[in-house]
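Each chain is listed here by its residues.
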Amino acid sequence: TQEERGYRANERHGLGAMEPERTSGTGTAASLPEWGSRNKAEAVKLQQMGVKAGIPDLCLPVPMGMYNGLYIEMKYDTGRLEDSQKKMLKALAAAGHYCTVCYGAEEAIRVLQEYINLKKIDAGKREDTMSEQNLMIRKNGKVKCIIFKE
């Protein structure tokens, strides 16, 4: 099915995207599990376990530059953000994290590489800030804002 193909591709992209962080030496990145479709009983059980809807796929909980951490939501092909994902990304950004959506491993690798090379203190050259503003979608080398409906 298309959902299964998307899951497998998302899994591959997530694993490949982690390589820059693995080689950086922090050893703190996490690729969060994909839960996929679930029935009501599974959803209730996960909720009771404390699993929150909308948690991004990749997490690097290490402060770099002006950010408290990095969260990347991975998407594939024509995948779209769920409302729960938008809400979570917005909340994480408000808490000082850099949050972005990447379509494919190449986009995520670029974000990770830039993030792990941010300077702790800005010397007036914006070296502590990502080149693209927070809460952006990166797809095929293009960047656009996430649209939030209030």
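Residues numbered from 1 in each chain as written. Predicted model: local features only at pLDDT ≥ 70, side-chain atom pairs only at ≥ 80, totals over all residues. Heavy atoms only, no water.

> Give me the lowdown on helix H4 (residues 83–94), citing residues and values where you can.
Counted at 1.5 Å a residue, the expected span for H4 with its 12 residues is 16 Å, and the 17 Å between its end C-alpha atoms agrees. Turning to H4, its buried residues are Gln85, Lys86, Met88, Leu89, Leu92 and Ala93. Along H4, the residues classed as buried sweep out an arc of 165° about the axis, all on the same side. Seen from the buried face of H4, the exposed residues on the opposite side, beyond 90 degrees, are Asp83, Lys87 and Ala94. Those residues of H4 that are buried lie in contact with strand E3 (70–75) and strand E4 (98–103). Just past H4, the residue Gly96 takes up positive phi, approximately 100°. (Helix = DSSP H or I, 4+ residues; strand = E, 2+ residues; numbered from the N terminus. Expected span 1.5 Å × (residues − 1). Buried < 20%, exposed > 50% of the residue type's maximum accessible area, 1.4 Å probe, protein only. Arc of directions from axis to C-beta. Contact = heavy atoms within 4.5 Å.)

> Lay out the packing of aromatic side chains in plain terms, naming residues and giving numbers.
The geometry of an aromatic ring pair is captured by two quantities: the separation of the ring centres and the angle between the planes. Per the counting criterion, the structure on display carries 2 aromatic pairs. With a centroid separation of 5.2 Å and an interplanar angle of 70°, the aromatic rings of Tyr67 and Tyr98 are classed as edge-to-face. Residue Tyr67 is located in the loop between strand E2 (58–60) and E3, and its partner Tyr98 is located in strand E4; the two are separated by 31 residues in the primary sequence. Judged by its relative accessible area of 8%, Tyr67 falls in the buried class. Measuring from centroid to centroid gives 6.3 Å for Tyr67 and Tyr115, while their planes differ by 40°, and the two rings are tilted. Taken together, the residues Tyr67 in the loop between E2 and E3 and Tyr115 in helix H5 (residues 105–116) connect sequence positions 48 residues apart. Residues Tyr67 and Tyr115 agree in their burial class; the two are buried. Put simply, the rings of Tyr67, Tyr98 and Tyr115 touch in pairs and so form one group of aromatic residues. The ring of Phe148 carries the charged tip of Lys90 above its face, separated from the ring centre by 5.1 Å. Above the face of the Tyr103 ring, Lys139 is positioned so that its terminal group lies 4.5 Å from the ring centre. (Phe/Tyr/Trp six-rings, centres within 6.5 Å; stacked < 30°, edge-to-face > 60°. Lys NZ or Arg CZ within 6 Å of the ring centre and 35° of its normal.)

> Now, about the confidence of the model for the chain: what can you tell me, with residues and values included?
Of all residues in the chain, 74% have pLDDT values of 70 or greater, and the mean over the chain is 82. Ignoring residues within four places in sequence, the model shows residues 1–16, a span with pLDDT below 50, making 19 contacts including any to other chains. (pLDDT = per-residue confidence, 0-100.)

> Account for the pattern of salt bridges, naming residues and giving values.
Considering all chains together, one arrives at 2 salt bridges under this definition. Residue Glu73 is joined to Lys75 by a salt bridge in which the shortest nitrogen-to-oxygen separation is 3.7 Å. Like Glu73, the residue Lys75 is buried in the burial classification. Here Arg110 ties to Glu107 by a salt bridge, and the two come within 3.0 Å at their closest N and O atoms. Taken together, the positions of Arg110 and Glu107, both in helix H5 and 3 residues apart, correspond to about one turn of that helix. (Salt bridge = Lys/Arg side-chain N within 4 Å of Asp/Glu carboxyl O.)

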